[in-house]
Amino acid sequence: DVKVTQSSRYLVKRTGEKVFLECVQDMDHENMFWYRQDPGLGLRLIYFSYDVKMKEKGDIPEGYSVSREKKERFSLILESASTNQTSMYLCASSLTGDIQPQHFGDGTRLSIL
Amino acid sequence: GENVEQHPSTLSVQEGDSAVIKCTYSDSASNYFPWYKQELGKRPQLIIDIRSNVGEKKDQRIAVTLNKTAKHFSLHITETQPEDSAVYFCAASIDNTDKLIFGTGTRLQVFP
């Protein structure tokens with residue numbers, strides 16, 4: 001069974017802080033994704049990585065960056081956190097080739113005060 | 001840009017009744033359509049998916065239908081049970097990539 005693990009379930013930070021959200025998958029998946037989930041807006045893609053050191057912007061990349069130094073780990077970085085980045089963040093992974101299902105982590109509920 | 005519209009946003013049914021959730025998509029190149037169920041406080045979990053070369057797929061009480069001409073697909077749940085209560089998301093692949101675009105979700109409540 002695929003396991004996608006996000007480092008924190010809940011996180012509270014202050015405006016202006018640099019915030020790191022970590023995600024690890026154990027199934028050797030090539031693709032990894034970061035989404036933001038807000039009520040009434042569904043899941044919106046922030047960034048996508050299809051290989052180590054490779055990344056692609058999603059629909060809402062402003063204020064975020066990502067890092068993928070190893071295949072199993074994908075980090076989301078808030079360079080200077082703002083209150084409008086308070087949200088639920090979901091990481092997912094999938095195999096590449098003939099589009100495969102995405103498997104999600106439990107999410108990190110981030111509050112920026 | 002590409003988008004997926006999902007209706008209704010909330011749906012209440014009596015236990016044993018059927019529930020139908022509908023989605024429309026805009027990208028003609030979309031060829032993969034998964035449905036996810038998210039229970040309160042839990043991760044989204046894939047419950048069924050369909051590819052563009054198939055018109056219908058069933059798995060026990062759950063079925064998905066796809067109309068490529070009209071660009072819409074639907075989730076059908078028969079004989080609903082209280083444990084079916086959750087938020088359901090549809091999604092469609094975009095740009096011939098591994099990326100998905102999600103609908104805004106449907107909160108299904110099944111009353112005993």
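Read on for a plain summary of the structure. What you see is a predicted model, and the numbers here were worked out from it, not measured in a lab. (Residues numbered from 1 in each chain as written. Chains lettered and ligands numbered in written order. Predicted model: local features only at pLDDT ≥ 70, side-chain atom pairs only at ≥ 80, totals over all residues. Heavy atoms only, no water.)

Residues and elements named next belong to chain A. Taken in spatial order, the four strands of this open sheet run β1-β3-β8-β7, and their pairing is antiparallel. Two strands in the sheet have a free side with no partner beyond their single neighbour: β1 (4–6) and β7 (64–70). The mean inter-strand angle of the sheet, taken between neighbouring strand axes irrespective of direction, is 20°. (Pairing = 2+ DSSP bridges. Helix = DSSP H or I, 4+ residues; strand = E, 2+ residues; numbered from the N terminus. Axes fitted to C-alpha atoms, helices over the stretch in contact; angles between N-to-C directions.)

Okay, the nonpolar core next. With 25 residues, the main nonpolar core has W35(B), F73(B), L75(B) and L108(B) as its most contacted residues. Among the elements of the structure, β2 (10–14), β3 (19–25), β4 (32–38), β5 (45–51), β7 (62–67), β8 (72–77), β9 (86–93) and β11 (106–111) of chain B are those that each provide at least two residues to this core. In this view, F73(B) contacts I21(B), K22(B), C23(B), Y25(B), F33(B), W35(B), T65(B), L66(B), C90(B) and A91(B); residues no more than four positions away in its chain are not counted. L21(A), I46(A), L76(A) and L110(A) belong to the second largest nonpolar core, which has 20 residues in total. (Core = buried A, V, L, I, M, F, W, Y, C linked by side-chain atoms within 4.5 Å. Buried < 20%, exposed > 50% of the residue type's maximum accessible area, 1.4 Å probe, protein only. Contact = heavy atoms within 4.5 Å.)

Quick look at the side chain of D38(A) now. Residues and elements named next belong to chain A. As for its placement among the helices and strands, D38 is situated in strand β4 (residues 31–38). Given the relative accessible area of 13%, D38 is considered buried. There is a polar contact of 2.8 Å between the side chain of D38 and the side chain of R44. Within the local environment of D38, its side chain forms a polar contact with the side chain of S87, the two groups lying 2.8 Å apart. Once you skip the residues sitting within four places of it in the chain, D38 turns out to touch R44, T86 and S87. (Polar contact = N/O pair within 3.5 Å; in protein donor to acceptor, adjacent residues only side chain to side chain.)

Once that is clear, we can look at the state of the cysteines. A complete count under the given rule lists two disulfides over all chains for this structure. Sulfur-sulfur distance for the disulfide between C23(A) and C91(A) comes to 1.9 Å. Where C23(A) bonds to C91(A) through sulfur, the torsion about that S-S bond is close to -80°, and the disulfide is left-handed. Here the residue C23(A) occupies a position in strand β3 (residues 19–25), and C91(A) occupies one in strand β9 (residues 87–94), the gap between them amounting to 68 residues. Note on C91(A): relative accessible area 0%, which makes it buried. With its sulfur 2.0 Å from that of its partner, C23(B) forms a disulfide with C90(B). With the S-S bond torsion at -100°, the cross-link from C23(B) to C90(B) turns out left-handed. Residue C23(B) is found in strand β3, and its partner C90(B) is found in strand β9; the two are separated by 67 residues along the sequence. The pair C23(B) / C90(B) is uniform in exposure class, with both members buried. (Disulfide = S-S within 2.5 Å.)

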